[in-house]
Amino acid sequence: MSIAFSSLGSGSKGNGTLVRDNRTEDGAIVLVDCGFTLKETEKRLARLGIAPEQLDAVIVTHEHGDHINGVGPLARKYNVPVHITPGTLRVKKIGQIPQQRIIKHYEPFSIKSLNVTPVAVPHDASEPAQYIIECNNKRLGILTDLGNISPHVEMHYQSCDALVLEANHDPAMLASGAYPLSLKQRVGGAWGHLSNQQAARFLESVDREKLECLVIAHISRQNNTIELAKQAFADVLNPVKQVIYACQDEGFDWVSLTVDINH
Ligand SMILES: [Zn+2]
Ligand SMILES: [Zn+2]
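Residues numbered from 1 in each chain as written. Chains lettered and ligands numbered in written order. Predicted model: local features only at pLDDT ≥ 70, side-chain atom pairs only at ≥ 80, totals over all residues. Heavy atoms only, no water.

So, the pattern of salt bridges
Under the convention used in this document: Here, a salt bridge means any side-chain nitrogen of Lys or Arg that lies within 4 Å of a carboxyl oxygen of Asp or Glu. Helix and strand assignments come from DSSP, with helices taken as H or I runs of at least 4 residues and strands as E runs of at least 2, each series counted from the N terminus. A simple rule labels every residue: compare its accessible area, found with a 1.4 Å probe on the protein chains alone, to the largest value its type can have, and call it buried under 20%, exposed over 50%, or partly exposed in between.
By the definition in use, this model includes eleven salt bridges. R186 serves as the salt-bridge partner of D124, at 2.5 Å between the closest nitrogen and oxygen. Taken together, the positions of D124 in the loop between β8 (114-120) and β9 (129-135) and R186 in helix α7 (residues 181-188) put the pair 62 residues apart, joining distant regions of the chain. With relative accessibility at 31%, the residue D124 sits in the partly exposed group. Ionic pairing is found between D249 and R221, a salt bridge with its closest N-O pair at 3.0 Å. Remark: R221 occurs in the loop between β12 (213-217) and α9 (226-233) and D249 occurs in the loop between β13 (242-245) and β14 (252-256); sequence separation between them is 28 residues. Overall, R221 belongs to the exposed group, its relative accessible area being 53%.

Overview of the coordination of the zinc ion (ligand 1)
Here is the rule we go by: Metal donors: N, O and S atoms at distances within 2.8 Å, or within 3.2 Å for Na, K and Ca, with water omitted from the atom set so that some sites may seem incomplete. Every geometry call rests on angle ranges, with four donors termed tetrahedral when all angles are between 85 and 135 degrees, four termed square planar and six termed octahedral when opposite donors are over 155 degrees apart and all others are between 65 and 115, and everything else termed irregular.
Around the zinc ion (ligand 1), the protein supplies D66 (OD), H67 (NE2), D145 (OD) and H218 (NE2) as donor atoms, at distances of 2.1 to 2.2 Å. Here the zinc ion (ligand 1) is ringed by four donor atoms whose angles at the metal span 91 to 162 degrees, and the overall shape comes out irregular. In the primary sequence, the donor residues of the zinc ion (ligand 1) line up as D-H-x77-D-x72-H. Metal-to-metal, the separation of the zinc ion (ligand 1) and the zinc ion (ligand 2) is 3.7 Å; D145 coordinates the two. Highlighted residues: D66 in helix α2 (residues 65-68) and D145 in the loop between β10 (138-143) and α5 (151-156), separated in sequence by 79 residues. Just as D66 is buried, D145 falls in that class too.

Topic: the layout of surface pockets
Empty space left among the atoms is revealed by rolling a probe the size of a water molecule over them. The condition is simple: Using protein atoms alone on a 1 Å grid, points that fit a 1.4 Å probe yet trap it form a cavity, whereas open point sets bounded by protein on both sides within 12 Å along at least five of seven lines form a pocket; residues with an atom within 4 Å of a point count as lining. Grid points are joined across faces, edges and corners, and a volume is the space filled by probe spheres set on the points. Ten residues, namely Ala, Val, Leu, Ile, Met, Phe, Trp, Tyr, Cys and Pro, are considered nonpolar, four, namely Asp, Glu, Lys and Arg, are considered charged, and the remaining ones, Gly among them, are considered polar.
Approximately 190 Å³ is the volume found for the largest pocket. In terms of lining residues, the largest pocket is bounded by 14 residues, among which S12, Y179, R186, V187 and H193 are the most central. When residues in the lining of the largest pocket are grouped by element, the largest group, three residues, is from α7. Split into classes, the residues belonging to the lining of the largest pocket amount to three nonpolar, eight polar and three charged.

Digging into the coordination of the zinc ion (ligand 2)
Every protein donor of the zinc ion (ligand 2) is listed here as H62 (NE2), H64 (ND1), H123 (NE2) and D145 (OD), and their distances to the metal cover 2.1 to 2.5 Å. Of note is the zinc ion (ligand 2), whose four donor atoms meet at the metal with angles of 91 to 169 degrees in an arrangement that counts as irregular. As a motif over one chain, the donors of the zinc ion (ligand 2) read H-x1-H-x58-H-x21-D.

Side note on the sheet that holds β12
The test is simple: One requirement defines pairing of two strands: DSSP has to find at least two bridges between them. Axis definition: a line fitted to C-alpha atoms, over the contacting stretch in the case of helices. Angles run 0 to 180 degrees between N-to-C directions. Here, two residues are considered to be in contact whenever any of their heavy atoms come within 4.5 Å of each other.
Spatially, seven strands are ordered β7-β8-β9-β10-β11-β12-β13 in an open sheet, and the strand pairing comes out mixed. Strands at the two margins of the open sheet, each flanked by one partner only, are β7 (109-111) and β13. Going from strand to strand, the sheet's axes swing by 20 degrees on average, the running direction of each strand aside. Alignment of β9 against β10, held across five bridges, turns out to be antiparallel. Within β10, the position partnered with Y131 by the bridge is I142. Packing against the sheet, helix α8 (residues 196-205) makes contact with β10, β11 (162-166) and β12, and its axis sits at approximately 150 degrees to β11. Lying over the sheet, α9 contacts β11, β12 and β13, oriented at roughly 150 degrees with respect to β13.

Here we look at helix α1 (residues 38-47)
An α-helix turns once every 3.6 residues. As a result, residues three or four positions apart point the same way. Which entries qualify depends on this criterion: Arc, as used here, means the arc of the directions from the helix axis to the C-beta atoms.
Here α1 has its buried residues at T41, R44 and L45. Seen end-on, α1 carries its buried residues on one side only, within an arc spanning 100 degrees. Facing away from the buried side of α1 by more than 90 degrees, the exposed set consists of K39, K43 and A46. Considering only its buried residues, α1 is in contact with β1 (3-9), β2 (16-21) and α3 (71-78). Following α1 by one or two positions, G49 adopts a phi angle in the positive range, close to 80 degrees.

Some details on the environment of K241
By the element assignment, K241 lies in the loop between α9 and β13. Separated by 58 residues in the primary sequence, K241 and L183 have C-alpha atoms spaced 36 Å apart.

Nothing here speaks to function; it is all geometry.
Right under this line is the structure:
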């Protein structure tokens with residue numbers, strides 16, 4: 001064991017990914033994003049065996065409500081430090097944060113034994129970041145809310161041991177669905193969200209020799225189905241050992257990465 005992760009929920013109605021160093025009882029525990037009400041957050045944390053008082057930090061990706069709505073209330077009630085870019089802080093009034101930690105110029109930082117690398121992504125938000133979190137030689141990549149895979153993203157997300165990857169929509173479902181045209185263009189555009197096919201192509205392009213666990217995340221309820229996502233990824237899953245489809249209501253349960261014998 002070294003690093004473990006789970007989810008409070010994943011999708012346009014709220015996101016939150018827990019990451020912990022599970023080698024010791026008091027290992028770091030962080031929450032990446034909190035898009036739920038305080039009450040709902042407390043309930044979902046409890047389901048995963050975590051008390052809010054145990055959180056060492058909340059790390060924010062960007063200001064969209066499904067990622068940030070619960071950050072202020074959670075941070076204020078439990079005095080949790082919040083790591084956030086200046087751009088995200090500027091555009092969204094999240095109120096007083098007792099312990100604000102500014103992420104400058106996407107510089108890496110640490111929370112106890114967790115080493116966090118922010119990565120700039122193409123998304124229609126103010127200075128958005130996605131994250132790679134490393135601990136004891138294990139590497140977890142979290143990559144949702146981006147409209148295309150930039151060379152910068154591709155460079156950073158190589159050789160992950162686990163990857164939480166957005167597969168937001170099926171382009172045909174999005175095109176024929178009920179969204180107004182402007183929203184269809186936003187979601188499907190270069191600064192919106194990844195389609196199943198974009199995500200699968202990305203996975204095909206990275207070094208995935210070490211990839212133990214792939215989580216398909218931020219799946220749209222209106223414009224996608226798990227079946228369509230499965231079809232899109234079918235040819236690129238080798239040699240991934242475990243594939244999980246994150247859901248809005250349940251997120252996903254704890255996944256622990258195994259440590260190689262020679263570490
Ligand atoms: Zn989102
Ligand atoms: Zn977003």
